[in-house]
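Commentary on secondary and tertiary structure
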Amino acid sequence: MSTGHFIRLEEAQCHNCMRCVRACPTNAMTYIHQMPAIVEEECILCGRCYSVCPHDAKEVLSELGRVKKWLNDGEEVILSAAPSFAAVWPQLNDLIALLKARGFSEVEETARGAALVSRAYANLAEKGEMKNIISTACPAINNLIEKEYGDLTQYMAPVVSPLIAHGRLIREKHPHAKVIFLSPCIAKYKEIQDARFAGAVDACISMEEVLNWVESSLKEEEKTAWENFNGSISRLYPTPGGIIATMEKSEKYHYVNVEGVPRIRKVLEAMRDGTLSGYFFEVSACEGSCIGGPLLSHFKHNEWLGQSVIRDNVDVQKRIGPGELPFSLDATWKAEHIYRPVHTEEEIQDELIVMGKTSADKIHDCGACGYETCRAKAIAVLDGKADPKICLPGALERAESLSNVVIENTPNGIVVLDKDLNVREMNPSARKMLDLDMVNPTGMP
């Protein structure tokens, strides 16, 4: 399945600012031939490149056209709305009315599936058979672990995401309906096309797409309480620490919330080192969890309003414990074994020299090129993922060197003074004109 199918680069819009390269947590976003490109095998679809791009040079797959066709054809179409919709539509009843007016048969909260997932997590915690448990509600982190930490898939909860659980729940009642997900997340597009979860959900549409579609019909409504349902505390899922907030305390596991790929990598490395045991980790690729998702980043929404509205419609006392599930939520995770070339130390050092990193004072490790160290950049160049000429300190040094050559050789006399009109610099032509060839004029008035 092609990553480029989900995120497409718009070359005409690109300003070569390199923000996407610097933001990519897996170095899947490269810069070669003077243009960013995605290494599809290494992309986890976290959406950081899309979020940080200031020039609309990234476009996300749109399935709204397909959904509209199903609606126009009179098919039964049911929408599963991710809880983060609260940052866009604080009034759930308003959202339901708008979308039913567009032809949707039903609009349900994905939180209903999340309640089942929390119960499945609670069952795992009660059994206590896993050394550590990593939540699997974030498909971007699932991708990261399968691609880069295949040896740690044993710690991934063998449980589907709330989206897949809700899709299956809808299918039980409406076997012939088209199930659509209202998404804040790009990685969800790939998840629903994953063969392991086939048949649960038919398509994704982004919250921005839907807002643009129904904007003309938006109106102010009186605040009304959301419908209550068993396990509605699962509405907390898109908020920081929301998953573990739904679960009863465990005697066998410590519950910890970790957000952002760099911090999650530290957790995974600690697991790999064997220094962690007895932890349940709630993980989210996005800082702020799903309510800070990439498909919410390019239009006006209110993350904090969303969090407060969700909490106003949740009974935090009614946590979810272990119990029977209405159907299987089992999931199997496996390593993808991405090929990565291995380079000798001699090859790396030779590339550093080619890049102009010929001594310790030339090793800047500034990160401006998108790589944390000059060594990492050299490896990326050897991998064919980076342009060796892209180096900000190097470019400044070359510009200064060229400037010095011009100043030293121009026939024009150049004198640089400080604020007190004392000489700071004087080029050879000026010294000759002023008969100061044998004198150091620095500091003279």
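As a reminder, the structure under discussion sits directly above these lines.
Below, the structure is looked at part by part. None of the values given here were measured: they were computed from a predicted structure.

Two numbers describe how helix α13 (residues 345-354) lies on helix α14 (residues 374-382): the axes approach to 9 Å, and their chain directions differ by 100°. Classed by the angle they form, the pair α13 and α14 counts as roughly perpendicular. Counted together, E345, E347, I348, Q349, E351 and L352 of α13 and C374, R375, A378, I379, V381 and L382 of α14 form the full contact between these two elements. Of the residues in the contact of α13 with α14, the class split is 7 nonpolar, 1 polar and 4 charged.

Moving on, we come to the sheet that holds strand β9 (residues 203-206). Taken in spatial order, the 4 strands line up as β6-β5-β8-β9 in an open sheet, and their pairing is parallel. Two strands in the sheet have a free side with no partner beyond their single neighbour: β6 (106-109) and β9. Geometrically, the sheet is characterised by an average inter-axis angle of 30° between neighbouring strands, direction not taken into account. By the bridge criterion, 4 bridges tie strand β8 (residues 178-183) to β9 in an arrangement that is parallel. From the neighbouring strand, S183 faces β9, where its bridge partner is S206.

Bringing the pairing of strand β2 (residues 29-32) into the picture now. For β2 and strand β3 (residues 35-38), the ladder comprises 4 bridges, and the chain directions are antiparallel. Residue pairing in the sheet places Y31 in a bridge with P36 of β3. Two successive antiparallel strands, β2 and β3, enclose a turn made up of 2 residues, where H33 displays a positive phi of approximately 55°.

Among the 10 residues that make up helix α6 (residues 139-148), 9 are buried, leaving the element largely enclosed by the rest of the structure. The complete set of buried residues in α6 reads P139, A140, I141, N142, N143, L144, I145, E146 and K147. Packed against the buried residues of α6 are β7 (132-134), α8 (187-193), α11 (261-273) and β11 (279-284).

So, how was this worked out
- Residues numbered from 1 in each chain as written.
- Predicted model: local features only at pLDDT ≥ 70, side-chain atom pairs only at ≥ 80, totals over all residues.
- Heavy atoms only, no water.
- Axes fitted to C-alpha atoms, helices over the stretch in contact; angles between N-to-C directions.
- Helix = DSSP H or I, 4+ residues; strand = E, 2+ residues; numbered from the N terminus.
- Parallel < 35°, antiparallel > 145°, perpendicular 65-115°, else oblique.
- Contact = heavy atoms within 4.5 Å.
- Nonpolar A, V, L, I, M, F, W, Y, C, P; charged D, E, K, R; others polar.
- Pairing = 2+ DSSP bridges.
- Buried < 20%, exposed > 50% of the residue type's maximum accessible area, 1.4 Å probe, protein only.

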